[in-house]
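The lines below spell out each chain.
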Amino acid sequence: MSEGTPARTGWFEGLERGDLDGARDAIETGSAESPADWPARAVETGFADTDEEYYAALREATIAAAGEAAAERERADDRQVIHAVRAMDDTERMANELAERVAEWAVSREAEAGTGIEYCHELVDREDENAEPADDRVAALAERVVDLDNEAAALETFVERTVRTVAPNLAALAGPTLAARLLALAGDLESLARTSSSTVQVLGAEDALFAHLRGSAPSPKHGVIYTHEYVRHTHPEERGSAARALAGKLTIAARIDHYAGDRRPDLARELDERIARIRARRDDADETHDTGGTHDDTEQRSDHGGDDGAA
Amino acid sequence: MALPEGVAYREIDGEERLATQGAAVYGEPTSAEWRAWDVQRSKLGAMIDAGMDTGLAGGDGVLYLGAANGTTASHVADVARAVYAVEFASRPMGDLVAVAESRNTLFPLLKNAHHPETYAHVVETDLDAIVQDVATRGQAGVACANRQFLAADGRLLAAIKARSEDATADPGDVFDAALDELRTTYEILDTRRLAHHTDHLAVVARPR
């Protein structure tokens, strides 16, 4: 065997035993074209006196390297966005649940008590000298609701700020909250960037998708991207096309964010145009009822009617 | 068929169960120093329990691809000489590291099994077995790319997951395609569909 071929250098070569930082770096960033009998090589080169010693050093080094690298990845900003958006959903859900309890209790104390988180704010601000012990408990519960509601808002702000630095193009196209949810569903930005646009389209609709694949349901048109205005406020007949167009651009945005990182304002413009064209088809169809044909000749850009009220 | 040395059936909680000796990992029931190897959770456990000849003898050198949080890898490490445990996801790695800390024979690696060159400077040659349980597309390709770590008489013990290749295709077709690809590099010795692990094909193979 030729000595010292660079393509076949073990992780330990050039290292002092006990140099964990060096070992971690070598394990993480090193490579070899092919493996070798590393324990024998380590003894040969004096890194270890025996096989046992080598394995002990290997164990120590791999545990340090894998543990630290995994922790570092978990600390990365895209993972932080995911934790934050999940926490935001949790706090919102809990605030609403507790507010229901407050309303139910409050109405037994005061016939014209209000409902919802709003009413909890009201209760907290109220000063009542004649409060009975039960009123104190209701007010204290309302305070928790307000705290949770405030925390949800703070988390939303954090998500918005962080996702804009982690995935600026995705955040611009999807809106920060949807961008964060897509990251959460994919696992991280890299996974999202590797996901096909047809999968992005149905992320969050896994139950419906697998029901479809089993043959017992139609294919889902959209998953969590339904929350996007371009899907929700497009006529149901055209929603599938809108979802496909949106998913396509979101996928491209995620890939640019992961692999390139620069801002591409053109993406948003292209998406706006695609959606306008898709919605225009529907406006045409509305005008020429029951003909079933396509009408590409009319250029109609008016706001479509139908089920939406907001722009 | 002989069990690998260190693997035995023991009576645990009134049941005869596959077991190994080592520090408990995932809340599995134990009896004296033996801990039950849950064959419903572990595909390799199910292969051994089903009587497949895995070629594992005890004291083996093993490359474990897709170690996840170390449920199965911990049992392999109980009876092996050395287990190189490759896992690409950072989330389960915390658990896997904890398993490694509780025994001397497990070496965790945060690496992608599709790219063996990124760990060939750590994992030794002439290993007795590759245990593979990676739920990503291209599972047969992963097995072929990692053949270089295996001794000439070593064994590939793989659980091929149909869903990971193509969720819509018939699993039988997916398995046939995977086996065809494996045959470019391996000789298939045994295959079996496992109870408790529907949608998986267990494969035992040796290098050609």
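Here the residue numbers are simple positions, counted from 1 along each chain's written sequence. Chains and ligands are labelled sequentially in the order written, the chains with letters from A and the ligands with numbers from 1. Where local features are concerned, this predicted model is filtered to residues with pLDDT of at least 70; where side-chain atom pairs are given and counted, the filter is 80 or more; whole-chain, interface and lining totals use all residues.

Caption draft 1: Main features of the interface of chain A and chain B. Across the boundary between the two partners, chain A contributes 26 residues, which contact 25 residues of chain B. Secondary structure counts use DSSP, requiring at least four H or I residues in a row for a helix and at least two E residues in a row for a strand, with both numbered from the N terminus. Considering each element in turn, the side of chain A that touches chain B owes the most residues, 11 residues, to helix 3 (residues 51-75) of chain A. Classes in brief: Ala, Val, Leu, Ile, Met, Phe, Trp, Tyr, Cys and Pro nonpolar; Asp, Glu, Lys and Arg charged; the others, Gly included, polar. Of the residues that constitute the side of chain A that touches chain B, the class distribution is 14 nonpolar, seven polar and five charged. Distance between backbone-placed C-beta atoms decides contact: two residues are in contact if it is within 7 Å.

Caption draft 2: Representation of the domain arrangement of chain A in the model. Residue and element names in this part refer to chain A. Each domain of chain A was delimited in the assignment, giving domain 1 (14-75), domain 2 (77-166) and domain 3 (168-311). Taken together, the contacts link 12 residues of domain 2 with 11 residues of domain 3. Every element with two or more residues in the side of domain 2 that touches domain 3 is listed here: helix 4 (77-109) and helix 6 (133-166). Here the residues of the side of domain 2 that touches domain 3 sort into six nonpolar, no polar and six charged. Throughout the structure description, domain borders are defined by an automatic or database domain assignment.

Caption draft 3: Quick peek at helix 6 (residues 171-182) of chain B. Residues and elements named next belong to chain B. Helix span, expected: 1.5 Å multiplied by one less than the number of residues in the helix. Here helix 6 is 12 residues long and its end C-alpha atoms lie 16 Å apart, about the 16 Å a rise of 1.5 Å per residue gives. Buried within helix 6 are the following residues: Val174, Phe175, Ala178 and Leu182. Here the buried residues of helix 6 occupy an arc of 95° about the axis, which is enough to place them on one side. Exposed and oriented more than 90 degrees from the buried face of helix 6 are Gly172, Asp173, Asp176 and Asp180. Where helix 6 is buried, its residues touch helix 4 (139-145), strand 9 (150-161), helix 5 (162-165), strand 10 (186-194) and strand 11 (197-207). Whether a residue is buried, exposed or partly exposed follows from its count of other C-beta atoms within 10 Å of its own C-beta, namely 20 or more, 12 or fewer, or something in between, respectively; the C-beta atoms are built from the backbone. Note that the arc is computed from the directions linking the helix axis to the C-beta atoms.

Caption draft 4: Examining unusual backbone geometry more closely. Residues and elements named next belong to chain B. Although it is not a glycine, aspartate 13 adopts a positive phi angle of roughly 50°. Here aspartate 13 lies in the loop between strand 1 (8-12) and strand 2 (15-21). Here aspartate 13 falls in the exposed class, since 9 other C-beta atoms lie within 10 Å of it. A positive phi angle, close to 50°, is found at alanine 32, a residue other than glycine. The residue alanine 32 is located in the loop between strand 3 (30-31) and strand 4 (34-36) in this model. By the C-beta count within 10 Å, which is 9 here, alanine 32 ends up exposed.

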